[in-house]
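Reading the structure
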Amino acid sequence: MIERIKSALARCGIDLWRINERLDETAELFFVKKQLDTRRSKDVHKFEVTVFRDVAADGKEKPARGFTSVQLIASMDDGEIDEKLKDAYYAAQFAANPYFEMPDPVRAPVVEEHGKLAQAPLAQSAGKMAKALFAPDVHEDAFVNSAEIFVCRVRRRILSSEGTDVSFVNTSVNGEFVVQCKAPEDVEIHNQFEYEALDEAALSAKVSEALTFVRDRARAQKILKSGKYDLVLSGDAVRELLSYYVSRSAASMVYAKYSTWQQGEDVQGETDGEKLDLTLRAFHPYSTEGIPTGADLPLLEGGKLLLWHGPNRFCRYLGVKPTGEYQRIACANGTVAFDELKKGPVLWAVTFSDFQMDEASGHFGGEIRLAYLIDRDGKATPVTGGSVNGSILEAQKNLVFSKERYLTAGYDGPYAVRLKNVSVAGAGE
């Protein structure tokens, strides 16, 4: 199919192009309570072709460069492929951008994975993760209502007209589960997970914690009053909070002037808490453009911005080396044991309807589904209702992270962080 696409590109007179081949193999398990309801396996083979077109720009030394992408499948005949490519090439002239150099060509052997998840049959790994998911489900009052598990092996190949030809294999496991407690109130909490390894212990721990949370949510009270609170965030909410620094340092944000951050600048500013040490880590050895992304990239050190990052085009515009896209945040902070971190008075918010960080303003927040209102004596009262509304620009002055760690496919860092004087709209008034 690759050679057919190359021949079609030549027939259509398209000189600049990139081909992304992707073969997805998945094993899927669907459970209703502990009963396996559906078992599926899939093989999906796709080709995404990106075509580039230069268009004369009035008064400019170099032409504008547009591009657009199209999906192709092996069942298409040559006439259909030609038509798709011609349509894409025609459309590319209307998506012209300032000129940019193409990514530097890279040729390398296939990058293979190692480890249990990479080597084992997908169905076998799915079964092991299912066993781990249901291992903590031993209580009468709280249980796993339903679950979905997906083990995916993705084979990718990236080729370009400049000479890039790289391939790699990536295997991961992801899914979701719903925990339920029926009394004194019937409630459910939805949870998601994703790992790059066969991390059975991490999944069991996540389910065990979720069962505790849903049990406490069932008896939580709507007594939270509006005001300023020391706030503890944990788990996936910490990753969402730190995503602000990844977004604001992205080359696309800087080029568009949505961010004024400069390399070498202390973007955290004065602080009485911990100075941030963040690193970018990739899922894959190459980006979708074929840019090598296997090495970790230090992003912040002591609160100081070390680099702009992103795809080829925006890095070229800024005159920095293209890094490709990175998907995982690693945070090296963490000075206080979690039990010490959540000493009262404090509000530990553990589940939200939808916790989000606004990359433009730095505001974060979400509606509280479950939180623990912890007093000076250590008494923790489960509460529900109300919402959190804070600003990372204020919170970053006093960040304190837990020594305990939390690992997912998108985050490797402290389990929890404490923030001072965050606005909370209560539900008990």
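Residues numbered from 1 in each chain as written. Predicted model: local features only at pLDDT ≥ 70, side-chain atom pairs only at ≥ 80, totals over all residues. Heavy atoms only, no water.

1. Here's the deal with the overall build of the chain
We apply this condition: Strands here mean DSSP runs of E at least two residues long; helices mean DSSP runs of H or I at least four residues long; both are numbered from the N terminus. Taken over C-alpha atoms, the radius of gyration is set against a globule rule of 2.2 Å times the number of residues to the power 0.38. Whether a residue is buried, partly exposed or exposed follows from its accessible area with a 1.4 Å probe, protein chains only, as a fraction of its type maximum: under 20%, in between, or over 50%, in that order. We call two residues contacting when some pair of their heavy atoms lies within 4.5 Å. Residue-level accessible areas treat just the shown protein chains as cover; the underlying method is Shrake-Rupley with a 1.4 Å probe. Charged residues are defined here as Lys and Arg on the positive side and Asp and Glu on the negative side; His and the ends of the chain fall outside this count. Just so you know, the charge point we use is NZ for Lys, CZ for Arg, CG for Asp and CD for Glu.
In terms of helices and strands, the chain carries 10 helices and 21 strands. The C-alpha radius of gyration of the chain comes to 25 Å, within 12% of the 22 Å expected for a compact globule of 429 residues. When the 429 residues of the chain are sorted by exposure, 50% land in the buried category. Summarising the internal contacts of the chain: among those between residues at least 6 apart in sequence, 71% fall at separations of at least 24. Total accessible area on the chain is roughly 20100 Å²; 48% of this is exposed by carbon and sulfur atoms. Here the chain carries 53 positive and 63 negative side-chain charges, and the mean point of each set is 2 Å from the other.

2. Things to note about the layout of surface pockets
Operational definition: A pocket, in this scheme, is an open set of points on a 1 Å grid over the protein atoms alone with protein on both sides within 12 Å along at least 5 of 7 lines, while a cavity is a set where a 1.4 Å probe fits but cannot get out; residues line either one if an atom lies within 4 Å of a point. Grid points are joined across faces, edges and corners, and a volume is the space filled by probe spheres set on the points. In the scheme used here, Gly and all other residues not listed as nonpolar or charged are polar, with Ala, Val, Leu, Ile, Met, Phe, Trp, Tyr, Cys and Pro taken as nonpolar and Asp, Glu, Lys and Arg as charged.
Estimated volume of the largest pocket: approximately 960 Å³. For the lining of the largest pocket, the elements supplying multiple residues, two or more each, are strand 6 (165-181), strand 7 (187-195), helix 5 (200-218), helix 6 (236-248) and strand 13 (346-352). For the lining of the largest pocket, the element with the highest residue contribution is strand 7, accounting for 7 residues. Residues that form the lining of the largest pocket fall into these classes: 15 nonpolar, 11 polar and 9 charged. Taken as a whole, the second largest pocket encloses approximately 360 Å³ of empty space.

3. Focus: helix 4 (residues 122-134)
Counted only if it meets this: Every helix has an expected span of 1.5 Å times one less than the residues it contains.
Here helix 4 spans 19 Å end to end across 13 residues, near enough to the 18 Å set by a 1.5 Å rise per residue. Among all positions of helix 4, only L122, S125, A126, M129, A130, A132, L133 and F134 are buried. Packing partners of the buried residues in helix 4 comprise strand 1 (16-32), helix 3 (116-119), strand 5 (142-160), strand 6, strand 7 and helix 5.

4. Points about unusual backbone geometry
Residue P184 is reached from A183 by a cis peptide bond, and omega for that bond is 5 degrees. Inspection of the secondary structure assignment puts P184 in the loop between strand 6 and strand 7. For the peptide bond that leads from G344 to P345, omega is 0 degrees, which places it in the cis range. Unusually for a residue other than glycine, N421 sits at a positive phi of about 50 degrees. Using a relative accessible area of 53% as the deciding quantity, one classes N421 as exposed.

5. Looking at the pattern of salt bridges
Where we set the bar: Think of a salt bridge as a Lys or Arg side-chain nitrogen and an Asp or Glu carboxyl oxygen that are within 4 Å of each other.
What the rule picks out here adds up to 24 salt bridges. Overlapping salt bridges, with partners in common, bring together R281, D296, R405 and D412 in one network.

6. What to know about a negative patch on the surface
Rule in force here: Exposure above 30% relative accessible area and the absence of a salt bridge qualify a residue for a patch, where like charges join within 9 Å and nonpolar side chains (Val, Leu, Ile, Met, Phe, Trp, Tyr) within 5 Å.
A surface patch of negative charge is lined by D77, E80, E83 and D87. Relative to the helices and strands, E83 resides in helix 2 (residues 78-92).

7. Side note on the packing of aromatic side chains
What counts is decided by this rule: Two aromatic rings from Phe, Tyr or Trp, using only the six-membered ring of Trp, form a pair when their centres are within 6.5 Å; if the ring planes differ by under 30 degrees the pair is stacked, by over 60 it is edge-to-face, and anything between is tilted. Criterion for a charge above a ring: Arg CZ or Lys NZ at most 6 Å from the ring centre, at most 35 degrees from the ring normal.
Using the criterion set out here, one finds 24 aromatic pairs in the structure. Both rings, one in F213 and one in W348, keep their centres 6.0 Å apart while their planes meet at 80 degrees; by these two values the pair is edge-to-face. With a gap of 135 residues between them, F213 in helix 5 and W348 in strand 13 connect regions that are remote in the sequence. Of the two residues, F213 and W348, neither departs from the other in class, the shared state being buried. In textbook terms, an aromatic cluster arises when at least three aromatic residues are bridged by ring pairs, as seen for F213, F338, W348, Y372, Y406, Y411 and Y415. Of note, R65 hangs over the ring of F100, and the distance from its end group to the ring centre comes to 5.9 Å.

8. Brief notes about the side chain of T408
As for its placement among the helices and strands, T408 is situated in the loop between strand 19 (405-407) and strand 20 (411-414). We classify T408 as buried; its relative accessible area is 15%. Sequence-distant contacts of T408, defined by excluding residues within four places in its chain, comprise E194, Y195, D236 and R328.

9. Focus on the pairing of strand 8 (residues 227-234)
Every other side chain in a regular strand lies on the same face of the sheet, so the side chains alternate between the two faces. Note the cut-off: One bridge is not enough; two strands pair if DSSP finds at least two bridges between them.
Of all the 8 residues making up strand 8, 6 are buried; the element is thus mostly covered by neighbouring parts of the structure. Inspection of the sheet shows strand 8 paired to strand 21 (residues 416-425) by 7 bridges, in the antiparallel sense. What sits directly across from V232, in strand 21, is R418. Inspection of the sheet shows strand 8 paired to strand 13 by 3 bridges, in the parallel sense. Of the residues in strand 13, the one forming a bridge with L233 is A349.

10. Describing the sheet that holds strand 1
Rules: Throughout, an axis means a line fitted to C-alpha atoms (over the contacting stretch in the case of helices), and angles, computed between N-to-C directions, take values from 0 to 180 degrees.
Read from one edge of the open sheet, 7 strands run 4-3-2-1-5-6-7, paired in antiparallel fashion. Edge strands, defined here as strands with exactly one partner in the open sheet, are strand 4 (96-97) and strand 7. Sheet strands touched by helix 4: strand 1, strand 5, strand 6 and strand 7. Its angle to strand 5, the strand with the most contacts, is close to 150 degrees.

11. Regarding the pairing of strand 16 (residues 380-383)
The pairing of strand 15 (residues 363-374) with strand 16 spans 4 bridges and is classified as antiparallel. By the bridge assignment for strand 16, I374 is matched with A380. The antiparallel hairpin formed by strand 15 and strand 16 contains 5 residues in its connecting segment, where G378 sits at a positive phi of about 90 degrees.

That is the geometry; function is a separate question.
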